[in-house]
Amino acid sequence: HTHTHTHTHTMSSKKACIAIVGASGTVGGALIKAIQAQAGALESTLGSQLRIVGVANTKNMLVSSDGVDNQWREKLMTRGPDGEEVNLRLFGQQVATAASAAVSCGIMVDCSASEAVPCLYTEWMQMGLHIVTPNKKFGAGPLPRYHELKQLAMKTKRQFMYEATVGAGLPIISTLRSLLETGDRVTKIEGILSGTLSYIFNTYKAGTPFSSVVQNAKEKGYTEPDPREDLSGMDVARKVVILARECGLQVELDTLVLESLVPEPLVGLDVDEFMAKLPEYDASMAQRASAAEAANQVVRYVGSVDVVAGKAAIKVASYAREHPFAQLGGADKNVVVL
């Protein structure tokens, strides 16, 4: 069986052609800056040559086999002669062709938070591209698709890398993987996995209305413009699914035990109405905070994977003041692996 594409370069290849989806967003833009800033150092220390050959946002895409120039942002905005309307399948093909011509490995980085982009990962990998992403929508998406890509990666010797999906810059996935690969048995993982909810619960004390802490976090820019995106716990749930699957659990997002912090009657309201009505629900959280304080504990919002029982959950729980979760400040994250 012969492959039609000639580029059989694995990640160890010293040359890499990189393409970024979601280039106009905060994460994508920061990544491009970081690659440009580090390129010289990586070449001198590792002998690696990195070239950004493609950028795409929700509307347009730009591919240049010589590497995109510093005007890429403007070109994506205006879609001049270089840019074209985004078609992610074609984008992948153009990037694979550029990588092949440069005898280098091709890497597709999905910096979007889109549900649609992960649908192309398998096709991109079949084109010979490695996939790198901080987008949680694939890792917590449908299990059959997840297994298909993992198997394809082994078969084609391509990498699917998603360290930044859980804990951002903390090396959680790689640590967990190295424990499992070296024969350690992981029985349980517990984590404060949302910087936003960490800030809210680190600030929240008995006697303070929960709604005012949410209001304060929103004003400081810790929450999404609609705080329900954080308070629903869905972001934490996706991270928990990714960790659970890493431990071999066959879990789907909708089978988790998820305690949402959004009162049911407030789900359908607009943001201003939600913020105005939230104080009416302060009492139930106040009871939990008082009970915790009476027991010399603190309240935290925690995601947990019980590997032995095969269960995963996201809920409000109380922890003794000596516990690592009680020691956090600001928007710190923390994961405990047992």
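Residues numbered from 1 in each chain as written. Predicted model: local features only at pLDDT ≥ 70, side-chain atom pairs only at ≥ 80, totals over all residues. Heavy atoms only, no water.

1. Thoughts on the overall build of the protein
Of regular secondary structure, the protein possesses 13 helices and 12 strands. Relative to the compact-globule value of 20 Å for 338 residues, the protein shows a C-alpha radius of gyration of 22 Å, a close match. Along the first, second and third principal axes, the C-alpha atoms of the protein reach 65 × 50 × 40 Å. Taking the intrachain contacts of the protein between residues at least 6 apart in sequence as the baseline, contacts between residues at least 24 apart amount to 67%. With the model as given, the accessible surface of the protein reaches about 16500 Å², and the carbon-plus-sulfur share is 54%. Where the 33 positive side-chain charges of the protein centre and where its 35 negative ones centre are 5 Å apart. (Helix = DSSP H or I, 4+ residues; strand = E, 2+ residues; numbered from the N terminus. Rg over C-alpha atoms; globule rule 2.2 N^0.38 Å. Contact = heavy atoms within 4.5 Å. Areas by Shrake-Rupley, 256 points an atom, 1.4 Å probe, with all protein chains shown as cover. Lys, Arg positive; Asp, Glu negative; His and termini not counted. Charge placed at Lys NZ, Arg CZ, Asp CG, Glu CD.)

2. Brief notes about the packing of helix H8 (residues 195-203) against helix H9 (residues 210-219)
At a minimum axis distance of 10 Å, the contact between H8 and H9 shows a crossing angle of 135°. The orientation of H8 with respect to H9, classified from their angle, is oblique. Note on packing geometry: the crossing formed by H8 with H9 is right-handed. Side by side, H8 and H9 meet where Tyr199, Ile200, Phe201 and Thr203 of the first sit next to Phe210, Val213, Val214, Asn216 and Ala217 of the second. Residues that form the contact of H8 with H9 fall into these classes: 7 nonpolar, 2 polar and no charged. (Axes fitted to C-alpha atoms, helices over the stretch in contact; angles between N-to-C directions. Parallel < 35°, antiparallel > 145°, perpendicular 65-115°, else oblique. Left-handed = near helix turned anticlockwise from the far one by under 90°. Nonpolar A, V, L, I, M, F, W, Y, C, P; charged D, E, K, R; others polar.)

3. Thoughts on the side chain of aspartate 282
Looking at the secondary structure, you find aspartate 282 in helix H13 (residues 282-294). For the buried aspartate 282, no salt bridge is present, and the opposite-charge side chain at shortest range is arginine 288, 12 Å distant. At 2.7 Å, the side chain of aspartate 282 and the side chain of serine 211 are in polar contact. With residues up to four places along the chain from it excluded, the contact list for aspartate 282 reads Pro209, Phe210 and Ser211. (Buried < 20%, exposed > 50% of the residue type's maximum accessible area, 1.4 Å probe, protein only. Salt bridge = Lys/Arg side-chain N within 4 Å of Asp/Glu carboxyl O. Polar contact = N/O pair within 3.5 Å; in protein donor to acceptor, adjacent residues only side chain to side chain.)

4. Focus: the pairing of strand E1 (residues 15-21)
Within E1, 6 of the 7 residues are buried, leaving the element largely enclosed by the surrounding structure. Each parallel crossover has a hand, and the one from E1 via helix H1 (residues 26-46) to strand E2 (residues 49-56) is right-handed. Pairing of E1 with strand E5 (residues 105-110), which is carried by 6 bridges, proceeds in the parallel orientation. Looking at the pairing, valine 21 lines up with aspartate 110 of E5. (Right-handed = clockwise from strand over helix to strand, strands pointing away. Pairing = 2+ DSSP bridges.)

5. What about helix H6 (residues 143-156)?
Under the 1.5 Å per step criterion, the end-to-end length of H6 is 20 Å for 14 residues, consistent within 8% with the ideal 20 Å. Among all positions in H6, only Leu143, Arg145, Tyr146, Leu149, Leu152 and Ala153 are buried. Considering only its buried residues, H6 is in contact with helix H4 (121-126), helix H5 (136-139), strand E7 (160-161) and helix H11 (234-246). Lysine 157 sits one or two positions beyond H6 and adopts a positive phi of about 55°. (Expected span 1.5 Å × (residues − 1).)

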